[in-house]
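Observations on chain architecture
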Amino acid sequence: EAGVTQSPTHLIKTRGQQATLRCSPISGHTSVYWYQQALGLGLQFLLWYDEGEERNRGNFPPRFSGRQFPNYSSELNVNALELEDSALYLCASSTVDRGFAYEQYFGPGTRLTVT
Amino acid sequence: LAKTTQPISMDSYEGQEVNITCSHNNIATNDYITWYQQFPSQGPRFIIQGYKTKVTNEVASLFIPADRKSSTLSLPRVSLSDTAVYYCLVGSGDMRFGAGTRLTVKP
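It should be emphasised that the depicted structure is a prediction, and the values quoted were computed from it without experimental measurement.

Analysis parameters
Residues numbered from 1 in each chain as written. Chains lettered and ligands numbered in written order. Predicted model: local features only at pLDDT ≥ 70, side-chain atom pairs only at ≥ 80, totals over all residues. Heavy atoms only, no water. Helix = DSSP H or I, 4+ residues; strand = E, 2+ residues; numbered from the N terminus. Rg over C-alpha atoms; globule rule 2.2 N^0.38 Å. Contact = heavy atoms within 4.5 Å. Salt bridge = Lys/Arg side-chain N within 4 Å of Asp/Glu carboxyl O. Polar contact = N/O pair within 3.5 Å; in protein donor to acceptor, adjacent residues only side chain to side chain. Nonpolar A, V, L, I, M, F, W, Y, C, P; charged D, E, K, R; others polar. Pairing = 2+ DSSP bridges. Axes fitted to C-alpha atoms, helices over the stretch in contact; angles between N-to-C directions. Disulfide = S-S within 2.5 Å. Buried < 20%, exposed > 50% of the residue type's maximum accessible area, 1.4 Å probe, protein only.

With that out of the way, let us pick up the overall build of chain A. Within chain A, the regular secondary structure consists of zero helices and 13 strands. For chain A, the succession of helices and strands along the chain, N to C, is β-β-β-β-β-β-β-β-β-β-β-β-β. Here chain A has a C-alpha radius of gyration of 13 Å; the compact-globule value for 115 residues is 13 Å, and the two agree. Overall, chain A is about 40 × 30 × 25 Å in size when its C-alpha atoms are taken along their principal axes.

What follows is the structure, encoded as structure tokens:
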């Protein structure tokens, strides 16, 4: 069974540009989560989508946004890129049953570099 | 969301059993406890999840006392490849990762 996939693996952008990151969850998983991990730091929760709806978002500015498609894949958009947005962006997926989200399975991440 | 507290770092030697304890005093009734392992530049990997008492799988055991205010991840006979950061999380869905415990296994 295929795991969570993310694309691209690496992305280099300049300050002020927009970045789009993509994630495909494990088949059968309806929830997708996005995290940011700056070099040497812990994971910061960004967004949680389930069944196409945004369930919650972390403490990030509105220029971080995303969506979940009918096939449960997801896209993270970062507008007006800043140097401090350089990080590893991780996507995870899980199943949800009667409101309970089970353990998350993570993808390999997209390394975003802003110059 | 319940806050968790775990040691920043731990050292061990190959072949030893390692126990990492996590405190979660304000755990809610319907919260599960989940542990993840993360290697550098990779996404975290699910290790084990439990609600109460003891859970065991092929890689670890999880001990949860009756009051559920703490939990202990037990790794039997660690090897060098178990050197990683271990995260304890409580809740479901939008879980917030703390700093984790950096385990270093020495030869």
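Following the structure, the description resumes.
With that settled, the discussion passes to the interface of chain B and chain A. The interface of chain B with chain A comprises 16 residues on the first partner and 23 residues on the second. Taken together, the connections running from chain B to chain A amount to zero salt bridges. Joining chain B to chain A, the criterion identifies two residue pairs in polar contact (both at pLDDT 80 or more). Elements represented by at least two residues in the side of chain B that touches chain A include exactly β3 (33–38) and β4 (45–50) of chain B. Within the side of chain B that touches chain A, the residues separate by chemical class into seven nonpolar, seven polar and two charged.

All names here are of chain B. Read across the sheet, five strands follow the order β1-β9-β8-β3-β4 without closing on themselves; strand pairing throughout is mixed. With partners counted over all chains shown, the strands left at the sheet margins are β1 (9–13) and β4, one partner each. Direction aside, neighbouring strands of the sheet carry axes that sit 25° apart on average. As paired elements, β1 and strand β9 (residues 101–106) share five bridges and run parallel to each other. The residue bridging Met-10 from the neighbouring strand is Leu-103, located in β9.

Next up on the list: the environment of Thr-5 of chain A. Residues and elements named next belong to chain A. Topologically, Thr-5 is positioned in strand β1 (residues 5–7). A sequence separation of 35 residues divides Thr-5 from Gly-40, and the C-alpha atoms of the two residues are 23 Å apart. Once you skip the residues sitting within four places of it in the chain, Thr-5 turns out to touch Arg-22, Cys-23 and Ser-24.

Our focus in this paragraph is the state of the cysteines. Residue and element names in this part refer to chain A. Within the structure shown, the criterion is met by two disulfides over all chains. The partner cysteine of Cys-23 in its disulfide is Cys-91, sulfur to sulfur 1.8 Å. With the S-S dihedral at roughly -60°, the linkage between Cys-23 and Cys-91 falls on the left-handed side. In this pair, Cys-23 is assigned in strand β3 (residues 19–24) and Cys-91 in strand β9 (residues 87–94), connecting sequence segments 68 residues apart. For the pair formed by Cys-23 and Cys-91, the shared burial category is buried.

What follows is about the pattern of salt bridges. According to the stated counting rule, one finds six salt bridges over all chains in the structure shown. Put simply, Glu-82 of chain A and Arg-63 of chain A hold a salt bridge, and the shortest N to O gap is 3.4 Å. In this pair, Glu-82 of chain A sits in the loop between β8 (74–78) and β9 while Arg-63 of chain A sits in the loop between β6 (53–57) and β7 (64–68), placing the two residues 19 residues apart along the sequence. What makes Arg-63 of chain A buried here is its relative accessible area of 16%. In this structure, Asp-11 of chain B engages Lys-106 of chain B in a salt bridge whose closest nitrogen and oxygen atoms are separated by 3.4 Å. Here Asp-11 of chain B is found in strand β1, whereas its partner Lys-106 of chain B is found in strand β9, with 95 residues between them in sequence. On the basis of relative accessibility, which here comes to 53%, the residue Asp-11 of chain B falls in the exposed class. Its relative accessible area of 32% is what places Lys-106 of chain B among the partly exposed residues. What emerges from the salt-bridge pattern is a single network uniting Arg-22, Arg-67 and Glu-75 of chain A.

For the rest of this paragraph, the subject is the pairing of β3 of chain A. Residues and elements named next belong to chain A. Side-chain alternation along β3 places Ala-19, Leu-21 and Cys-23 on a buried face and Thr-20, Arg-22 and Ser-24 on a face that remains uncovered. Strand direction decides the pairing type here: β1 and β3, joined by three bridges, are antiparallel. Following the sheet pairing, Gln-6 is matched in β3 by Cys-23. Of the pairings in the sheet, the one linking β3 to β8 comprises five bridges and is antiparallel in character. For Arg-22, the partnering residue across the bridge sits in β8 and is Glu-75.

Coordinates in, geometry out; function isn't part of it.
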